[in-house]
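Structural overview for review
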Amino acid sequence: MAIFSVYVVNKAGGLIYQLDHYAPRSETEKTFSFPLDLVLKLHDERVVVAFGQRDSIRVGHAILSINGVDVNGKYTADGKEVLEYLGNPANYPVSIRFGRPRLSSNEKLMLASMFHSLFAIGSQLSPELGSSGIEMLETDTFKLHCFQTLTGIKFVVLADPRQAGIESLLRKIYEIYSDFALKNPFYSLEMPIRCELFDQNLKLALEVAEKTGPFGPGS
């Protein structure tokens, strides 16, 4: 069981905090000879597999590293253009690590805004007045849990479907937000949260929740 990530969204739909706590390993590294038996393409500034699934490498997987050098978008960390490098027979054999593309900061901002809109739609679709909005979305690989405060701040946790105690964790995160963000004289409401004590206490709360589940009184 695991807690994957935490998002804090302000009442206007802006992402003011995000933490990736645990990312499941779904990466595959293989050594290839020339010619490469996968079709690659540039998509959203990433080099991804367009055709030719094999050995746990799937269509849509992105290149994460080449010969141990990380890939950032369409370039390696040492400045080589990925498609050009892989098109040169002199660079083979080559070791390539594939995996699910990592979300960029801009994509996280966009997704937070989209969820804010879905939350509002969910409230409006309710046959009764005073709906709480979306509290949980479930898939086969994770559950999304949401807690909205009276002031409109949303705390969102993505966790393993089997993870217990998320409801109490959400309220614990709200408590941490109140103690270490709102009471910080340098913090402005609705703005990004940049507070070391908030980070430290949030990470500790996530670790406790993963190990023990629900929070007890005074925890």
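Structure: above.
Let me begin by describing the structure that accompanies this report. All values reported here derive from a predicted model rather than from experimental measurement.

**A word on the overall build of the protein chain**
- Counting its regular elements, the protein chain contains four helices and twelve strands.
- Judged by the C-alpha coordinates and their principal axes, the protein chain covers about 60 × 40 × 35 Å.
- A total of 219 residues make up the protein chain; the buried ones form 39% of that total.
- At a minimum sequence separation of 6, the contacts of the protein chain that also span at least 24 residues come to 55%.
- When the accessible surface of the protein chain is totalled, it reaches about 12800 Å², and 54% of it is carbon and sulfur.
- Mean positive and mean negative side-chain charge positions of the protein chain (22 and 25 charges, respectively) differ by 1 Å.

**Points about the pairing of strand β2 (residues 15-20)**
- Looking at chain direction, strand β1 (residues 3-9) and β2 are connected through five bridges and run antiparallel. Within the sheet, the bridge partner assigned to V6 lies in β2 and is L19.

**Focus: the nonpolar core**
- By size, the foremost hydrophobic cluster in this structure holds 26 residues, and its most contacted members are V157, L169 and I193.
- Of all the secondary-structure elements, those providing two or more residues to this core are β1, β2, β12 (154-159), α3 (166-182) and α4 (196-212).
- The biggest single contributor to this core is α3, with seven residues.

**A closer look at the pattern of salt bridges**
- Overall, the coordinates contain nine salt bridges when judged by the stated rule.
- Among the salt bridges present, the one from K74 reaches E45, with a minimum N-O distance of 4.0 Å. Taken together, the residues K74 in the loop between β7 (69-72) and β8 (75-76) and E45 in the loop between β4 (39-43) and β5 (46-51) connect sequence positions 29 residues apart.
- Residue class for K74 comes out partly exposed when judged on its relative accessible area of 24%.
- Between D179 and K183 there is a salt bridge; the shortest N-O distance is 3.3 Å.
- Note on D179: relative accessible area 32%, which makes it partly exposed.
- Assessed through its relative accessible area of 60%, K183 is described here as exposed.
- Members of the salt-bridge network, linked through shared partners, are E27, D70 and R97.

**A word on the layout of surface pockets**
- Space inside the largest pocket adds up to approximately 1200 Å³.
- The wall of the largest pocket is formed by 31 residues, among which S5, Y7, R100, L103 and L158 lie closest to the centre.
- Taken together, the elements giving at least two residues each to the lining of the largest pocket come down to β1, α2 (105-125) and β12.
- A per-element tally of the lining of the largest pocket places α2 first, with six residues.
- Grouping the constituent residues of the lining of the largest pocket by class yields 19 nonpolar, six polar and six charged.
- Approximately 220 Å³ is the volume attributed to the second largest pocket.
- Forming the walls of the second largest pocket are 13 residues, and the residues nearest its centre are E135, C146, F147, L170 and R171.
- Of all the secondary-structure elements, those providing two or more residues to the lining of the second largest pocket are β11 (143-148) and α3.

Calculation criteria
Residues numbered from 1 in each chain as written. Predicted model: local features only at pLDDT ≥ 70, side-chain atom pairs only at ≥ 80, totals over all residues. Heavy atoms only, no water. Helix = DSSP H or I, 4+ residues; strand = E, 2+ residues; numbered from the N terminus. Buried < 20%, exposed > 50% of the residue type's maximum accessible area, 1.4 Å probe, protein only. Contact = heavy atoms within 4.5 Å. Areas by Shrake-Rupley, 256 points an atom, 1.4 Å probe, with all protein chains shown as cover. Lys, Arg positive; Asp, Glu negative; His and termini not counted. Charge placed at Lys NZ, Arg CZ, Asp CG, Glu CD. Pairing = 2+ DSSP bridges. Core = buried A, V, L, I, M, F, W, Y, C linked by side-chain atoms within 4.5 Å. Salt bridge = Lys/Arg side-chain N within 4 Å of Asp/Glu carboxyl O. 1 Å grid on protein atoms, 1.4 Å probe; cavity = no way out; pocket = protein on both sides within 12 Å on 5 of 7 lines; lining within 4 Å. Points joined across faces, edges and corners; volume = space filled by probe spheres on them. Nonpolar A, V, L, I, M, F, W, Y, C, P; charged D, E, K, R; others polar.

On their own, these measurements won't tell you what the molecule is for.
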